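A closer look at the structure
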Amino acid sequence: VAAGAQYISGIKNNVQIPLMGKVSCSFEGETDSAKDGSGTFTSKTLTPKRITAKYPISLQLLAQDSIGVEAKVREDIIAAINAKLEEVLLGDGAGSTTIPAGLFNGKTPTPVTDFKGITALEAGVETDNVFGNMKYVMSPSAKGDLRAMAKSTKSTQLVMENGNIDGTEVLSTSHVAGKNFIYGDFSNVVIAAWDNVQIDVVRDVQSVGNGQVTIVVNAFVDGALIRPEALAFGTTQA
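Summary of the structure given here.

Each value, and the rule that gives it
Residues numbered from 1 in each chain as written. Predicted model: local features only at pLDDT ≥ 70, side-chain atom pairs only at ≥ 80, totals over all residues. Heavy atoms only, no water. Pairing = 2+ DSSP bridges. Helix = DSSP H or I, 4+ residues; strand = E, 2+ residues; numbered from the N terminus. Contact = heavy atoms within 4.5 Å. Axes fitted to C-alpha atoms, helices over the stretch in contact; angles between N-to-C directions. Buried < 20%, exposed > 50% of the residue type's maximum accessible area, 1.4 Å probe, protein only.

With that settled, consider the sheet that holds strand E10 (residues 180-184). Taking strand neighbours across the sheet as the criterion, the seven strands line up as E5-E13-E10-E6-E9-E8-E7 in an open arrangement whose pairing is mixed. The open sheet is flanked by strand E5 (110-111) and strand E7 (160-161), the only strands paired with a single partner. The sheet contact formed by strand E8 (residues 164-165) and strand E9 (residues 168-172) spans two bridges and is antiparallel. Bridge assignment links Ile165 to a residue of E9, and that residue is Thr168. Against the sheet, helix H4 (residues 140-147) touches strand E6 (135-138), E7, E8, E9 and E10, its axis set at about 120 degrees to E6.

So this is what it looks like as structure tokens:
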């Protein structure tokens, strides 16, 4: 989301995201008929996929609570859900009916060893007429390589300086594997959430008999890239 992905919440049904193909136009004579230039419509369907976990908590800890333990646990649970979703979406998994596909699925990242390689990757996205709020999302290892990569043999400038690459903001996360990175307009990534994160405190006989209660969390989410040409995939691994 920090990179610009669309976030849709509070929905109840499956979400179908329409995508219209390129529309063509032509010059014609004063009274000539217009040619059919309609594009082809495709769509991506997002369906709820469940993230869940349970956390036993000591009744004694809650009884002695003076620092808001329960509230802190709830915060940590929500942070864990966000991290898990980011890990899956920035991975290379094929996806299924129970887990979203990763953005790297089916992609072979382009090796980049110099600044020319970076500009070529950017140009490839722009050639497909993608001109949005461009960002880089990359692994810490890729970030380290680009911070140490000279722009040219005639300059002391580095490819990545002050948190950006030639004016484009860089976001780093360990959820991108190896030395990989993504460049492009992340508004073409849609993340959907059904209802709110559900957090329940379960006080069953067995747990309470053991001096515990159990916090159970359930969330229903999905995510997809709706315009594949909007993102380019690279790696600093030669």
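If you trace the backbone, Ala2 turns up in the segment before strand E1 (6-11). Look at Ala2 and you get exposed, because its relative accessible area is 64%. Measuring from C-alpha to C-alpha, the distance between Ala2 and Ile77 comes to 20 Å, with 75 residues separating the pair along the chain. The contacts of Ala2, once residues within four sequence positions are left out, are Lys135 and Leu171.

A word on the side chain of Ser139. Position of Ser139 among the secondary structure elements: in the loop between E6 and H4. Filtering out sequence-adjacent residues up to four positions away, Ser139 remains in contact with Ser172, Thr173, Val176, Ala177, Gly178, Lys179 and Asn180.

This brings us to unusual backbone geometry. Residues other than glycine seldom take positive phi values, yet Asp166 does so here, at roughly 50 degrees. Considering the arrangement of structural elements, one finds Asp166 in the loop between E8 and E9. At Asp195, a residue that is not glycine, the phi angle is positive and equals roughly 60 degrees. Inspection of the secondary structure assignment puts Asp195 in strand E11 (residues 189-202). Asp195 gets classed as partly exposed once you look at its relative accessible area, which sits at 38%.

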